[in-house]
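Coordinate analysis (summary)
Given next are the chains, with one letter for each unit.
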Amino acid sequence: MKPFAYLRPATVSEAVRAGAGHPGSRFLGGGTNLVDLMKLGVETPGLLIDVSRLPLDGMTRTDDGGLRIGATVRNSDLAAHPEVRNHWPALSQALLAGASGQLRNTATTGGNLLQRTRCPYFQDVSKPCNKRIPGSGCPAREGTHRDLAVLGHSQDCVATNPSDMAVALAALDATVQLHGPEGVRTVQVTDFHRLPADNPDQDTVIRPGELITEVVLPPPSAGAVSLYRKARDRASYAFALASVAAVLSVRDGRVDRISLAFGGLAHRPWRARVAEDLLRGASTTGDAFARAVDAELAAARPLRDNGFKVDLARRLAIGALVELTTRAAST
Amino acid sequence: MSDSPRALGAPAVRREGRDKVTGTARYAAEHTAPGCLYGWIVPATVPTGRVTAIRTAGALAVPGVHTVLTHDNAPRLKEPDDPILAVLQDDRVPHRGWPVALVLAESLESARAGADAVYVEYATTEHDVVLTGDHPGLYTPKEANGGHPALRERGDAMSAFDAAPVRIDATYTLRGLHNHPMEPHASTARWADGHLTVHDSSQGSTAVRNSLATALGLDRDRITVISEHVGGGFGSKGTPRPQAVLAAMAARHTGHPVQLALPRRYMAAIVGHRAPTLQRVRLGADRDGVLSSVSHEIVTHTSRIKEFVEQAAVPARVMYASPHSRTEHRVAALDVPSPSWMRAPGEASGMYALESAMDELACALGIDPVELRLRNEPRTEPDSGLPFSSRNLTACLSEGARRFGWSDRDPRPAARQEGPRLLGTGVASATYPVLVSKAAASAQAAPDGSYRVGVNATDIGTGARTVLAQIAASVLDTPPDNVTIDIGSSDLPTAPVAGGSSGTASWGSAVHKAATTLVRRLAEHSGPLPPEGIGVTVDTGEETAQEPPYARHAFGAHFAEVAVDSLTGEVRVRRLLGVYAAGRILNSRTARSQFIGGMVMGLGMALTEGSTMDPAFGDFTESDLASYHVPSCADVPDIQAHWLDEDDPHLNPMGSKGIGEIGTVGTAAAIGNAVRHATGARLRELSLTPDKLLPYLP
Amino acid sequence: MAATPGITDAEEAHVPNPVDRSTFTLYVNGTERTLTLDHRTTVLDALREHLGLTGAKKGCDHGQCGACTVLVDGRRANSCLLLAVAQEDAHITTVEGLAEGDRLHPLQRAFLERDALQCGYCTPGQICSAVGMLREAEDGFPSHATPRTALAGEGPAPLGADEIRERMSGNLCRCGAYPRIVDAIEDVAP
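Residue indices begin from 1 for each chain and proceed along its sequence in written order. Chains carry letters from A onward and ligands carry numbers from 1 onward, assigned in written order. Confidence filtering applies because this is a predicted model: local features only for residues at pLDDT of at least 70, side-chain atom pairs given and counted only at 80 or more, and all residues used for totals across whole chains, interfaces and linings. Only hydrogens and water are set aside; all other atoms, that is, all heavy atoms of the structure, feed into the side-chain values.

Let's talk about the overall build of chain B
Helix and strand assignments follow DSSP, with helices taken as H or I runs no shorter than four residues and strands as E runs no shorter than two, numbered in order from the N terminus. The secondary structure content of chain B amounts to 17 helices and 27 strands. For this measure, only C-alpha atoms enter the radius of gyration; the expected value for a globule follows 2.2 Å times N^0.38, where N is the number of residues. For 698 residues, the compact-globule estimate of 2.2 N^0.38 gives 26 Å, and the C-alpha radius of gyration of chain B, at 26 Å, lies within 12% of that figure. Principal-axis analysis of the C-alpha atoms places the extent of chain B at approximately 75 × 75 × 50 Å. Considering chain B as a whole, with its 698 residues, one finds that 68% of them fall into the buried category. Whether two residues are in contact is decided by their heavy atoms: any pair within 4.5 Å suffices. In chain B, the share of contacts with a sequence separation of at least 24, taken over all contacts with a separation of at least 6, comes to 81%. With the model as given, the accessible surface of chain B reaches about 21,900 Å², and the carbon-plus-sulfur share is 48%. His is not counted, nor are the chain ends; Lys and Arg add positive charge and Asp and Glu add negative charge. Think of each charge as sitting on NZ of Lys, CZ of Arg, CG of Asp or CD of Glu. Positive and negative side-chain charges of chain B, numbering 65 and 77 respectively, have mean locations separated by a distance of 2 Å. Burial classes: relative accessible area under 20% of the type maximum marks a residue as buried, over 50% as exposed, and values in between as partly exposed (1.4 Å probe, protein chains only). Accessible surface area values rest on a Shrake-Rupley calculation with a 1.4 Å probe, where residue burial reflects the displayed protein chains alone.

Some words on the pattern of salt bridges
Salt bridges are defined by distance alone: a side-chain nitrogen of Lys or Arg within 4 Å of a carboxyl oxygen of Asp or Glu. Within the structure shown, the criterion is met by 77 salt bridges over all chains. Between C:Asp38 and C:Arg40 there is a salt bridge, with its nearest N and O atoms 2.8 Å apart. Residue classification places C:Asp38 among the buried residues on the basis of a relative accessible area of 10%. Here C:Arg76 and C:Glu136 are joined by a salt bridge, their closest N and O atoms 2.9 Å apart. Taken as a pair, C:Arg76 in strand β4 (residues 75–78) and C:Glu136 in helix α3 (residues 123–138) lie far apart in primary sequence, 60 residues in all. The same class applies to C:Arg76 as to C:Glu136, namely buried. Connected through shared salt-bridge partners, A:Asp173, A:Arg257, A:Arg271, A:Glu276, A:Asp277 and A:Arg280 make up one network.

Examining the interface of chain B and chain A
Contact with chain B, which involves 33 residues of that partner, is made by 29 residues of chain A. Buried area: the accessible area, evaluated with a 1.4 Å probe, that two parts lose upon being put together, summed over both parts. Taking both sides of the interface into account, the surface hidden between chain B and chain A amounts to around 2,600 Å²; carbon and sulfur atoms contribute 53%. At the boundary of chain B with chain A, the tally comes to four salt bridges. Polar contact criterion, stated in full: a pair of N or O atoms within 3.5 Å, where within protein one must be able to donate a hydrogen and the other to accept it, and residues adjacent in sequence count only if both atoms are side-chain atoms. Taken together, the connections running from chain B to chain A amount to 15 residue pairs in polar contact (both at pLDDT 80 or more). Of all elements in the fold, only α3 (108–116) and α17 (690–693) of chain B reach the threshold of two or more residues within the side of chain B that touches chain A.

What to know about the sheet that holds strand β11 (residues 254–263) of chain A
Residues and elements named next belong to chain A. Pairing between two strands requires that DSSP report at least two bridges joining them. The strand order β9-β10-β11-β12 describes an open sheet built from four strands, whose pairing is antiparallel. Bordering the open sheet on either side are β9 (225–231) and β12 (270–271), each of which pairs with just one other strand. Only the contacting stretch of a helix is used when fitting its axis, a line to C-alpha atoms as for every element, and angles between N-to-C directions run 0 to 180 degrees. Packed onto the sheet, helix α11 (residues 286–297) meets β11 and β12 and runs at close to 40° relative to β11.

Observations concerning the interface of chain C and chain B
Taken together, the contact pairs 55 residues of chain C with 70 residues of chain B. When chain C packs against chain B, the two sides together hide about 5,100 Å² of surface, and 55% of this comes from carbon and sulfur. Linking C:Lys57 and B:Glu30 is a salt bridge whose minimum nitrogen-to-oxygen distance equals 3.0 Å. Here chain C is connected to chain B by 30 residue pairs in polar contact (both at pLDDT 80 or more). Broken down by secondary-structure element, the contributors of at least two residues to the side of chain C that touches chain B are α1 (43–50), α2 (106–113), α3, α4 (161–167) and α5 (178–188) of chain C. Classification used: nonpolar for Ala, Val, Leu, Ile, Met, Phe, Trp, Tyr, Cys and Pro, charged for Asp, Glu, Lys and Arg, polar for all others including Gly. Looking at side-chain class alone, the side of chain C that touches chain B contains 23 nonpolar, 13 polar and 19 charged residues.

Description of the packing of aromatic side chains
Only Phe, Tyr and Trp rings are paired, with Trp represented by its six-membered ring, and only when their centres lie within 6.5 Å; those with planes under 30 degrees apart are stacked, over 60 edge-to-face, the remainder tilted. Counting across every chain of the model gives nine aromatic pairs over all chains. Between the aromatic rings of B:Phe404 and B:Trp406, the centroid separation amounts to 6.4 Å while the plane-to-plane angle is 45°, which identifies the pairing as tilted. Since its relative accessible area comes to 5%, B:Trp406 is described here as buried. Grouping aromatic residues by their ring pairs yields a cluster made of B:Phe404, B:Trp406 and B:Phe559. Charges are assigned to positions over rings by a cutoff of 6 Å between ring centre and Lys NZ or Arg CZ, combined with an angular limit of 35 degrees from the ring normal. Across the ring face of B:Phe617, the terminal group of A:Lys127 is positioned such that the distance to the ring centre comes to 5.0 Å. The lysine or arginine in question, B:Arg575, covers the ring of B:Phe404, its NZ or CZ lying 3.9 Å from the ring centre.

Remarks on the UniProt feature "domain: Aldehyde oxidase/xanthine dehydrogenase a/b hammerhead" (unreviewed entry) in chain B
UniProt positions are given in the numbering used here, feature names are shortened, and annotations may be inferred rather than shown by experiment. With numbering aligned to this structure, UniProt lists the feature "domain: Aldehyde oxidase/xanthine dehydrogenase a/b hammerhead" (unreviewed entry) at residues 22–126 of chain B. The straight-line gap between the two end C-alpha atoms of residues 22–126 of chain B is 52 Å; of that span, 13% is helix and 33% is strand.

Regarding the nonpolar core
The nonpolar side chains of soluble globular proteins are, as a tendency, buried together. Nonpolar core, defined: a set of buried Ala, Val, Leu, Ile, Met, Phe, Trp, Tyr and Cys residues in which side-chain atoms within 4.5 Å join the residues together. Membership of the largest hydrophobic core comes to 208 residues, with the highest contact counts inside it found for A:Phe262, B:Leu283 and C:Ile185. The dominant element in this core, judged by the number of residues it contributes, is helix α12 (residues 308–330) of chain A, at 11 residues. Apart from the residues lying within four places of it in its own chain, the contact partners of C:Ile185 are C:Leu107, C:Phe111, C:Ala130, C:Met133, C:Leu134, C:Ile164 and C:Met168.

Here we look at the UniProt feature "domain: FAD-binding PCMH-type" (unreviewed entry) in chain A
Per the UniProt entry, the sites bearing "domain: FAD-binding PCMH-type" (unreviewed entry) are residues 1–222 of chain A in this numbering. As annotated, residues 1–222 of chain A has a helix share of 27% and a strand share of 17%, and its two end C-alpha atoms lie 50 Å apart.

Observations regarding the environment of A:Leu40
Following the sequence through the fold, A:Leu40 ends up in helix α2 (residues 34–40). Linking A:Leu40 and A:Thr160, residues 120 residues apart in sequence, is a C-alpha distance of 19 Å. Other than its neighbours up to four places away in sequence, A:Leu40 contacts A:Gln123, A:Val125, B:Arg265 and C:His62.

Observations regarding helix α1 (residues 12–21) of chain A
Along an α-helix, a turn takes 3.6 residues, which lines up residues three or four apart on a common side. Residues and elements named next belong to chain A. All buried positions along α1 are accounted for by Val-12, Ala-15, Val-16, Ala-18 and Gly-19. The buried residues of α1 occupy an angular sector of 160° when projected down its axis, which confines them to one face. Structurally, α1 contributes buried residues whose contacts are with β1 (5–7), β2 (25–28), β3 (47–50), β6 (175–180) and β8 (211–217). What the arc describes is the spread of directions from the helix axis to the C-beta atoms.

Points about the domain arrangement of chain B
Residue and element names in this part refer to chain B. Boundaries between domains were set according to an automatic or database domain assignment. Annotation of chain B at the domain level lists domain 1 (17–25 + 439–539), domain 2 (31–126 + 180–270) and domain 3 (143–177 + 274–434 + 549–696). Look at where the C-alpha atoms of domain 2 and domain 3 centre, and you get two points 36 Å apart. Both faces combined, the contact of domain 2 with domain 3 buries some 1,900 Å², and carbon together with sulfur accounts for 62% of it. Contact with domain 3 buries area across many residues of domain 2, yet Arg-96, His-180 and Phe-234 alone supply 29% of it, more than any other trio. Taken together, the links from domain 2 to domain 3 amount to three salt bridges. Notably, a salt bridge pairs Arg-96 with Asp-619, separated by 3.6 Å at the nearest N-O pair.

Section: the sheet that holds strand β4 (residues 92–93) of chain B
All names here are of chain B. Taken together, the three strands give an open sheet; going across it, the order is β4-β2-β6, and neighbouring strands pair in antiparallel fashion. The open sheet has two free edges, formed respectively by β4 and β6 (119–124), since each of these has just one partner strand. Relative to β4, strand β2 (residues 49–55) runs antiparallel, the two sharing two bridges. Bridged to Gly-49 within β4 is Val-93.

Topic: unusual backbone geometry
Residue and element names in this part refer to chain B. The omega torsion across Leu-686 and Ser-687 is 0°, close enough to zero to call that bond cis. Examined against the element boundaries, Ser-687 turns out to sit in the loop between α16 (667–679) and α17. With a phi angle near 60°, Ala-344 is a residue other than glycine that sits in the positive phi range. For Ala-344, the location among the structural elements is in the loop between β17 (324–334) and α8 (347–365).

Here it is as C-alpha cells:
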C-alpha cells in the first residue's frame, strides 16, 4: 500500500471539489472494499477523501411515498429500517443475504454500489487483468471462472458484480444521485453499472470526481410483493452464485406489475427486461414463467465451467415468481 | 499406581481458557520487542523457473524499509532437514508463491509497501501443474506418508474382483484442501548474547528448534523455540515452516528482533495442503455383501522439491475383511507447492472413497449400509494379520444407529421431502491409527506439597495443559489444581509434535512415567523435602522402542442427515452424530470439543472446501478466506459426539487412543451418502456445491 | 512484482506524500489514547502494534474471518478494514475491555463454561461479535434467518439457534467450536 494523504471534508461540495482537484483520489465510505483493495495493491490512491461523516446518513420518505437513502447509511441500518422492511422487503433481504454483521455495520449504501468484482485475477496484481490494466488480457476466460459471468460479458472481461443490494435496487427501479464538479445528476441504478465491452476498467457510469450522495426508491406499487433469493456455496458469508430480486403484482389472475433482476450473472445487476415484457399480462402459471425466463436467459453465453449458473438462475427466477404469485394471492 | 478417578476423565475446564477469553493469551506474533523489524515476504509470481534479477533499490527507498534479503545477500544456510526451508539460498523457483525476497521494515505498512516495490525478473520454464489419472510422470513411490509401503497385495484382488457376483468399480475425485488455521503462521525471533529465541506458531517447538539448529548450523542449546499459544494448525504447523527460518535468519542478519507473520493469501503456497487425489475403489462381494476383493488405488501429486504421498489407500488395509486386497499409491511430482499433513492425512481422503464405495455396494445389494459393514468385520487386521488391541467399530455403528434413529430409515432414495427440501441420511465408518512417539518429561515435588511437571507439549487447542495435569494428578493422587504444567518451550524436556493424534499418548506417557517415578522417589525419601524439592526427569524411549504385537486403531461411526434444496442444489447438514471407540477418554469436555471440531472439518470437506490448481499460473485459485470456504457458523448444525468406554490394556498407561483426527475421517462420506439418499445422485467428486447437484434435481 | 507483460513496474517514481500521517485520539476501552499514525495503519494494527492490545487477532487482514472484531461506538466491526485515522474520536472496545476487573463478562464466562473455544485465536472476535450481535438483536435488527413475516418495529428480535448461527457467521472458527459457541451465546441471550 502506498502512503496517502487523508482529508475529511465537512460538506458535499468540499468533498467534490477535493475529488475534482486530485486525480487519483478516492472517496472513503465504510472502506470495507476500498481498504481491502488497497492492501492488495489493486487500488493505489494518493489521497483518501473521507465522506463517511458527511451529513448523508438520513433516510426520509419522499412526498410521493418513496424513500431517500443517504449514501453513508450503513447497510445494517438500511436493512433494519422499518420502512424498508415493511415496504421494500427485497432490499432488506438482499442486504441481509450479503457479507456479515460486522461488514454490514461498516459498509455504506454508496460504497456498496461501487463494490468491485471478486474475480480472482482482478484481485491478484501479479496477473494480467483488463479491468485493472486495460489491454493486459483476461486470464479468467480460459482459467478459473466458475463464479464469473454468463450474460453480457465481453472478450475482454467476464467479471461479475458482487453486490446483493444493487440487484434489489435494480429491481426496485431505484435511482442514484451523483454530485460532481459539473453539478448534480440522477441515474437509474440499472444504468449505473455498465457491461464490460472493450473498457472493463469502468464498472459504472460515474464520472471523475462524482460522489454518490443518495439513492432514491420510488414508492412501492400497491398490491405488489417482492423478494430476494440468493444461492451460494456456503450457508452464510459468501457471494452469490446467482441471485434474483423480483417484484410482482397480480390482477385478475394475470401478471400486472413485474420486475425481475439477476445477480451474480453479469458485470452489472441484470434487469430481465425480455422476461418482464413476456410476463406482463401473462397468466401466472409455471409454464408462462418458464417461457419468459428462458427467453431472457437465451442470451446467456456460459463459459467452460459456469453453465450451471444459467440453470440456477432459471430455477431461482421461476421459484421466486411462483412464490410471489402465492403470496400475492394471499394479500 | 492409583489412577484418581476424580482427575482422569473429568470434564476439567481448560487451563488457559481464561487467558483466551480475556485476550491475554499471547500468540507468536504478539511478542513484539522494542526495535522490532517487521518482515514481509515477496512471493514468486511465476509457476517455475529462475530469478534472473532482483532490484531492491525501489524497496530500500521506501521510508521505513531497513533491509531487503534475497538469494543474493541472505545468510547461507546449512542444508535444512526439509527442502521447503531452503529459502533465499538460490535462484530457483520451484513453484509459484515460493519466497524470493524478504523485506524488513520499521512498520507493517512500510514492510508491505517495500515488498510491493521489489522488482523481480524471472526466466520461466514450462510448467506442469495439473494432476491427471494418466499423467506420464506417475510412479509408485517406496513409501507413502507415515512410512506405509506404497503397495500392498494379498491374494489376487483383480481375479477375485472379476469373479465376484457383485462389483463396485468407482473413481472418486478430491481437489486439494487447505488447513487454514485461524492464526496465520508467524514467528518472532530475537538474538541476545549469542542465543536465539523464537516465538513460533508451531505444533512442536522441539522440532522447530532442531530444524533451526540444522539450518543455521548452531548447537541446539543456543536456540529456544516457544509455542505457548498456537492458533490452530491441523497439520500445517506440524513441520517447521519457512517463516521461522526467515525470521531467525533476518534477526541474526540485522541484529534486530524480527516479527514475520504470513499474509493469509500467501499461506496456500507455503504451508502445505492436502494433496488432490484420484481414487479408484473396486469392491467385489457375494450376494450377501461379504467382500471377496478390496482394491484401492490412489493417484496424487507432490512437489518437485519434496516427496509427500497422501496415504489414502492405507485405511483399506485396516477396515474390512477380504481374502484378496490390493492397495496402491502412485504419485507425480509437479511444479506445485509441497503438500503436507492436513487433519487425518490419508484417512480423511481415503475413507471418503472407501466408505462411499461401501455405500454404493449396499445400494447395489439392497442391504442396509450399517448391516453391510457388520458383515465384513475382520477378526484380525486384514493387512497384517495382527490381532486388534481393541476394535469396537460394530459397537460404534450399532450405538450410533440407535442414537440416530437409523432403524426408521426408508432406504429408497429421494423418498423424503419437506417442502422444497429433499432429505436423506447416510452413514460411514471411521478409523485412525494409534500412534505414539518417544517423549521426555520432568516432575518435581515442592516442600509446600505442590507439584510441577514439564514437557514440551504444544497446546494447539486440544487442551493439552489440562489433560496432562489430569494425568499427573491421577498418579500423584492430588487435585489437578495442585499441579503446575509447563509446556510450549523447547527448553523443556524434549517432546514430539501435536500431530497424528499422538500428542496426549506421547506426552502423557512421559508425564505418567515421571509422576510415577517421582512417587517412588518420594516414598523412598524420609523427612521434609529439601527447599529445592525433589525432581525427576524421564523419557519413554524404552516403552516406545518396540512395536507391540497388536494392530492398534481407534474406530468410529458417523451418521448424517442432510437437506438438499431441490430448487438451488444447496446442501445443508441438519444433523451429524459420531460415536467413537478411542480408548479411555481423559477429559470429557475437551474431548467432545475435539470430536465435534473434527466433524466440522469433515463437513467442510464434504460441502464447502476445495482448492483449484490454476493451470496457467500454477497457484491455488482460492487463496483467501472469502473464496476458500471454511464452514461458517450457519453451516454447522447441532452436532453430537458420543463415545464408548473402551478398556484396552495394550495402549499406554492412560489407556487412551488419539481423538484429534478421527472426527474428520468418516464425516465427508457420511454426508455424501446422505446426499445420495436424499437425491438418488451418486456424486463422486467433492465439494457438494450447487453446480454438482443441479444436473440431478427435478 | 513479476515482469509479466502489462503489469506496471513497481519502480515507478515514488513521491512521498508530505502528509501521510496524522495525530488524533481514539478512546480505547474507555481510555483516551492520542496517537500519531501512518494513514495506512488500521485500527487492528494500531491496537496490536501501537497500543499493546493484542486481544483482537489478525486472521486474514481482509474482512473475511472476523478474528479482528471489535466494537466501534458499540457496534461490531472488522478492525482490519478500518483505517485508524478515519475513526478519530471513536470509542473502541476490545476483548480486553469487556471484563470488569476480575469479573468476566457473562459471554466470557459462558464461553469458558461451554468450552466454546479450542485454539482461542478466533475467540476474542467471537466474543466481541456476540456482544455486538446481542445488542443488534435487542435493537430489533433482523437477519437473513429472520422470518419474512416478522415485521419491523416489533421490539427485540427473538434469538433461536438458527438466528444465532446466521448472525455469528462473520466469525470463522477453524477448530469447529460453533455448536459450543451457539450454546454459550444461548446461555447469555435473553
